[in-house]
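Inside the fold
Chain residues, written in single-letter form:
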Amino acid sequence: LIHTYTEAALNSSPDSTVHVFSSDKDLLQLVRPRVWVHRDPSNPGVAMDEASVEARMQVKPCQIADFLALVGDSSDNIPGVPTVGSKRAAT
């Protein structure tokens, strides 16, 4: 649903920007030019752009879904692939 609203906002105007406020790692896949994710509710002024997502997760925003599927995501009950850690998944 958040992805749909993000796309609608971006398509509504070439000058529009989207700021998503959520600590959910899955939403980092939405980050691109004109889309930022604010993950820390105690510091909402800090937004993650493409470079900060890649620095923190070691993958590009478009690779987040695959990365989390490989390493697992306990908040979404995704077990991940045995013996695949974040370093291996990022390569």
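Every chain is numbered on its own, with residues counted from 1 as its sequence reads. Residue-level local features of this predicted model are given only where pLDDT is at least 70; pairs of side-chain atoms are given and counted only at 80 or more, and the full residue set underlies all totals for whole chains, interfaces and linings. Calculation of side-chain values draws on the structure's entire complement of heavy atoms; hydrogens and water are dropped beforehand.

Every helix listed is a DSSP run of H or I at least four residues long, and every strand listed is a run of E at least two residues long, numbered separately from the N terminus. In terms of helices and strands, the protein chain carries four helices and two strands. Mapped in sequence order, the helices and strands of the protein chain form the string α-β-β-α-α-α. Along the three orthogonal principal directions, the C-alpha set of the protein chain runs to about 45 × 25 × 25 Å. In this scheme, a residue with accessible area under 20% of its type's maximum is buried, one over 50% is exposed, and one in between is partly exposed, where area comes from a 1.4 Å probe on protein chains only. The buried share among the 91 residues of the protein chain stands at 30%. We call two residues in contact whenever any of their non-hydrogen atoms come within 4.5 Å of each other. Counting only contacts in the protein chain whose residues sit at least 6 apart along the sequence, the fraction spanning at least 24 positions is 26%. In the form shown here, the protein chain has an accessible surface area of approximately 5900 Å², with 54% of it arising from carbon and sulfur atoms. Taking the average location of the 8 positive side-chain charges in the protein chain and that of its 11 negative ones, the two points are 7 Å from each other. Only the protein chains shown count as cover for residues, with accessible areas throughout obtained via the Shrake-Rupley method and a probe of 1.4 Å. In this charge count, Lys and Arg are treated as positive and Asp and Glu as negative; neither His nor the chain ends contribute. Here the site of a charge means NZ on Lys, CZ on Arg, CG on Asp, or CD on Glu.

The subject of this paragraph is helix α3 (residues 64–71). Within α3, the full set of buried residues consists of Ile64, Phe67 and Leu68. With its buried residues spanning 95° around the axis, α3 presents them on a single face. Elements in contact with the buried residues of α3: α2 (50–57) and α4 (86–90). The first or second residue beyond α3 is Gly72, which carries a positive phi of 90°. By construction, the arc corresponds to the directions joining the helix axis to the C-beta atoms.

A separate point is unusual backbone geometry. Excluding glycine, most residues fall at negative phi; most peptide bonds, likewise, are trans. Its identity is not glycine, yet Arg34 carries a phi of approximately 80°, on the positive side. By secondary structure assignment, the location of Arg34 is in the loop between β1 (18–21) and β2 (35–38). Despite not being glycine, Thr83 has its phi angle at roughly 70°, a positive value. Within the fold, Thr83 resides in the loop between α3 and α4.

Glancing now at the pairing of β1. Side chains of β1 alternate between two faces, with Val18 and Val20 buried and His19 and Phe21 left unburied. Note: β1 against β2, four bridges, orientation parallel. Residue pairing for β2: Phe21 is matched across the bridge by His38. Strands are treated as partners if at least two bridges between them are detected by DSSP.

We define a salt bridge as a side-chain nitrogen of Lys or Arg found within 4 Å of a carboxyl oxygen belonging to Asp or Glu. Scanning all chains against the criterion turns up one salt bridge. Residues Glu7 and Arg32 are paired through a salt bridge, measuring 2.8 Å at the closest nitrogen-oxygen approach. A residue pair is termed long-range when its members are at least 10 positions apart, and Glu7 in helix α1 (residues 2–12) and Arg32 in the loop between β1 and β2 qualify at 25 residues. A relative accessible area of 24% means that Glu7 is categorised as partly exposed. Relative accessible area serves as the criterion here: at 26%, Arg32 is assigned to the partly exposed category.

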